[in-house]
Amino acid sequence: CLLLARAMGKLQSKISIHTTKYRADSSVGQMGPAGASQQHSPAHTDAVTSVAALKPDLCVSGGRDKSVAVSSWRSGAALRRFIGHEREVTKVTSALDSNRVFSASRDKTVIMWELHGTSGPSQQFPGHDLVVTGLAVSPDASQLCTGSRDNTVCKWDTETGECLGRAAISRNLVTHLCWVPGEPYVIQTSEDKTTRVWDSRELQVAHTFPAKQHIQTCCDVSQDGRYCLSSSSGSAGHGAEATLWDLRQTKGRVCEYKGHFQTTTSCVFLPRGPALAPSIATSSSDSTVKVWDQDTGGRG
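What counts, and at which threshold
Residues numbered from 1 in each chain as written. Predicted model: local features only at pLDDT ≥ 70, side-chain atom pairs only at ≥ 80, totals over all residues. Heavy atoms only, no water. Buried < 20%, exposed > 50% of the residue type's maximum accessible area, 1.4 Å probe, protein only. Helix = DSSP H or I, 4+ residues; strand = E, 2+ residues; numbered from the N terminus. Pairing = 2+ DSSP bridges. UniProt positions renumbered as here; feature names shortened; annotations may be inferred. Axes fitted to C-alpha atoms, helices over the stretch in contact; angles between N-to-C directions. Salt bridge = Lys/Arg side-chain N within 4 Å of Asp/Glu carboxyl O. Phe/Tyr/Trp six-rings, centres within 6.5 Å; stacked < 30°, edge-to-face > 60°. Core = buried A, V, L, I, M, F, W, Y, C linked by side-chain atoms within 4.5 Å.

Of all the six residues making up strand S5 (residues 78–83), five are buried; the element is thus mostly covered by neighbouring parts of the structure. Sheet topology note: the strand S4 (residues 67–72)/S5 ladder contains five bridges and is antiparallel. Across the sheet, residue valine 68 finds its bridge partner in S5, namely phenylalanine 82. The antiparallel pairing of S4 with S5 creates a hairpin that spans five residues between the two strands, and glycine 76 there sits at a positive phi of about 85°.

This is the structure we're talking about:
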């Protein structure tokens, strides 16, 4: 459920933080008489651009209204709202069950917020030259990888805000980043139609999968770290597929999921139940969400 919701969505700081620019609003939803559900105001006042799981009962979202909101899955209430970016938020993420929330923006920065901390940002990560379009945090929330349309991927220390590494590849306009569970590797998709595997220790490319015919828009990693997904742009039924890649020794293409008529904007592995086959979900600009059998490519 948490992961399917995700499918719906998409340098040491040298500047002083003016606390008047940032604020966190809070409100708690309540149940009406006899347990009747309460209506809540929208979490954002403009389009929601990104959603990610935060805790089993919480999610974090970012929007064109420049804000970051933490909401309850159960009640639908926005519990906390962080305001500080100067332009729209492009990506949000968090290490699952962590109290740290990260947001990227068209203002070229990333901000870290503490769920139960002060109202202002606990850390800023400036340094990209263009909009930040990729954001991935290590499982222990100690390191952060960011990517941008400036063709660079950066690694950061979340405690100090220090940039630990910066790598540039020509034409590598980053579209998405995700961290491989339990590993030092980060998956990255790009407008150059490739999916890369980065070794975060030295911030070097460990592997590049064969280029596809269309821009790669998004990526995800299975919980066991064995497979990754990438999704493609497309139109009129051409392209718009999702691709399953093997992260183990073969490093090859396993399966393709074709059926969308417009760009596939997001792809995600779904939790596997005791009696359920491994499945993935994709969302598309054709206004549909499709669920697929991971092994066969058949639609559920």
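The sites that carry the UniProt feature "repeat: WD" (unreviewed entry) are, in the present numbering, residues 82–115, 125–166, 174–208 and 257–300. In residues 82–115, helix accounts for 0% and strand for 56%; the two terminal C-alpha atoms are 10 Å from one another. Overall, residues 174–208 shows 0% helix and 63% strand. The separation of its end C-alpha atoms is 14 Å.

As a further point, take the sheet that holds strand S8 (residues 109–114). Ordered by their spatial adjacency, four strands build an open sheet running S6-S7-S8-S9, and the pairing between neighbours is antiparallel. Since the sheet does not close on itself, it has two edges, and those belong to strand S6 (89–93) and strand S9 (123–126), each with one partner. For this sheet, the mean angle separating the axes of adjacent strands, direction not counted, is 20°. In terms of strand pairing, S6 meets strand S7 (residues 100–105) through four bridges, oriented antiparallel. Residue pairing for S7: valine 89 is matched across the bridge by serine 105.

Spatially, the four strands line up as an open sheet ordered S14-S15-S16-S17, and their pairing is antiparallel. Each end of this open sheet is capped by a strand with a single partner; those strands are strand S14 (174–179) and strand S17 (204–208). Shown here is a sheet whose adjacent strand axes are inclined to one another by a mean of 30°, direction ignored. Looking at chain direction, strand S16 (residues 195–199) and S17 are connected through four bridges and run antiparallel. From the neighbouring strand, aspartate 199 faces S17, where its bridge partner is glutamine 204.

Here we take up the pattern of salt bridges. Opposite charge on two side chains makes pairing possible when the charged atoms of those side chains draw close. In total, this model carries 13 salt bridges according to the counting rule given. Here arginine 196 makes a salt bridge to aspartate 192, at a shortest N to O gap of 2.7 Å. Using a relative accessible area of 8% as the deciding quantity, one classes arginine 196 as buried. Ionic pairing is found between aspartate 246 and arginine 248, a salt bridge with its closest N-O pair at 3.0 Å. Taking the relative accessible area as the measure of exposure, aspartate 246 reaches 7% and is therefore buried. Here arginine 248 falls in the partly exposed class, since its relative accessible area comes to 35%. Taken together, the shared-partner salt bridges in this structure form one network comprising Lys212, Glu241, Arg253, Glu256 and Lys258.

This next bit is on the packing of aromatic side chains. When we look at a pair of aromatic rings, we describe it by the centre distance and by the angle of the planes. If you walk through the whole model with that rule in mind, you get four aromatic pairs. Between the aromatic rings of phenylalanine 209 and tryptophan 245, the centroid separation amounts to 4.7 Å while the plane-to-plane angle is 25°, which identifies the pairing as stacked. Within this pair, whereas phenylalanine 209 is found in the loop between S17 and strand S18 (216–221), its partner tryptophan 245 is found in strand S22 (residues 242–246), the two being separated by 36 residues in sequence. Overall, tryptophan 245 belongs to the buried group, its relative accessible area being 3%.

This part is about the pairing of S16. Counting buried positions over the five residues of S16 gives five, a clear majority of the element. Here strand S15 (residues 185–190) pairs with S16 via five bridges, running antiparallel. Bridge pairing in S16 places isoleucine 187 opposite valine 197. Linkage of S15 to S16, two consecutive antiparallel strands, is achieved through a turn of four residues, within which lysine 193 is found at a positive phi near 80°.

Glycine aside, negative phi is the norm for most residues, and most peptide bonds take the trans geometry. A positive phi is found at arginine 171, a non-glycine position, where the angle reads about 70°. Along the polypeptide, arginine 171 turns up in the loop between strand S13 (163–168) and S14. On the accessibility criterion, arginine 171 (66% relative accessible area) is exposed. For lysine 193, which is not a glycine, the phi torsion comes out positive at approximately 80°. Relative to the assigned elements, lysine 193 resides in the loop between S15 and S16.

Phe102, Val110, Phe125, Leu135, Val137, Leu144 and Trp156 are the most contacted members of the largest nonpolar core, which has 14 residues in total. Put simply, the parts of the chain that give this core at least two residues each are S7, S8, strand S10 (132–137) and strand S12 (152–157). Here this core gets three residues from one element, more than from any other, and that element is S10. With 13 residues, the next largest nonpolar core counts Val60, Val89, Val101 and Leu115 among its residues.

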